[in-house]
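If you want the building blocks of each chain, they are given just below.
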Amino acid sequence: QSTIGERIHHHNSCDIGLENYFYISKKYFNIHFSPIPNGSKITDELVNRESCLLIGIDSFECPWNLAYQKYHYPHFYILKSREIYGYCAIDSFCCSDLINVDIDTLCKSERVYTVNFHNSNNPPKKRLLLKEFCERLKNNVEIEIFETIKKFGFDLTQINSINDLA
């Protein structure tokens, strides 16, 4: 059972959700994401055909991530190309260097999306982008706080005596 501290961990509270990121990317940057059906294998042909892929993985299975073999969090990175030594990836959440992803890690991918960049003559409106992002983030934080208070209230109803707290 999770503690109150774990329930309001920044990883859960400060995320707007993948679908919202997709929506904002499409609306402001004209970047589209298309899911690859579950069960589809990432092949050299797929990697060579697409300019890049968005890979979803459990951070527990991600060797370059600080949460590797410690915590289970959804994590995403960009797979760019197939190289002689393995697959080349970019993970801006972890480091600024290119990352070598081996086939074993790649096989642990949970979700895969193609990333399609469409030309746009309209530069993104930064103020509107920031406003929308912050509004979605605020809504998620409010929901997280409400859910935490609700769970805490339930926990309080389960305490029969002060001795139960030890």
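In what follows, the structure referred to is the one given above.
Here's what I pulled together on the structure shown here. (Residues numbered from 1 in each chain as written. Predicted model: local features only at pLDDT ≥ 70, side-chain atom pairs only at ≥ 80, totals over all residues. Heavy atoms only, no water.)

All right, on to the packing of aromatic side chains then. All chains considered together, the criterion is met by four aromatic pairs. Taking 4.3 Å as the distance between ring centres and 15 degrees as the angle between the ring planes, the aromatic pair formed by F22 and F33 counts as stacked. Placement of F22 in helix 3 (residues 18-29) and of F33 in strand 1 (residues 31-35) is noted, with a sequence separation of eleven residues between them. On the accessibility criterion, F22 (12% relative accessible area) is buried. Ring pairing ties together the aromatic residues F22, F33 and Y113, which thus form one cluster. Positioned over the ring face of Y87 is R82, at 4.6 Å from the centre of the ring. (Phe/Tyr/Trp six-rings, centres within 6.5 Å; stacked < 30°, edge-to-face > 60°. Helix = DSSP H or I, 4+ residues; strand = E, 2+ residues; numbered from the N terminus. Buried < 20%, exposed > 50% of the residue type's maximum accessible area, 1.4 Å probe, protein only. Lys NZ or Arg CZ within 6 Å of the ring centre and 35° of its normal.)

On to a nonpolar patch on the surface, then. A cluster of nonpolar residues, F152, L156 and I159, forms a patch on the protein surface that exposes about 250 Å² of accessible area. Along the chain, I159 turns up in the segment after helix 6 (126-158). (Patch = residues over 30% accessible without salt bridge, like charges linked within 9 Å, V, L, I, M, F, W, Y side chains within 5 Å. Areas by Shrake-Rupley, 256 points an atom, 1.4 Å probe, with all protein chains shown as cover. Salt bridge = Lys/Arg side-chain N within 4 Å of Asp/Glu carboxyl O.)

What follows covers the packing of helix 3 against helix 6. Axis separation between helix 3 and helix 6 bottoms out at 11 Å; the angle between their running directions is 170 degrees. Accordingly, the angle class assigned to the pair helix 3 and helix 6 is roughly antiparallel. Residues N20, Y21, Y23, I24, K27, Y28 and F29 of helix 3 lie in contact with helix 6, whose contacting residues are L128, L129, E132, F133 and R136. For the contact of helix 3 with helix 6, the per-class residue count stands at eight nonpolar, one polar and three charged. (Axes fitted to C-alpha atoms, helices over the stretch in contact; angles between N-to-C directions. Parallel < 35°, antiparallel > 145°, perpendicular 65-115°, else oblique. Contact = heavy atoms within 4.5 Å. Nonpolar A, V, L, I, M, F, W, Y, C, P; charged D, E, K, R; others polar.)

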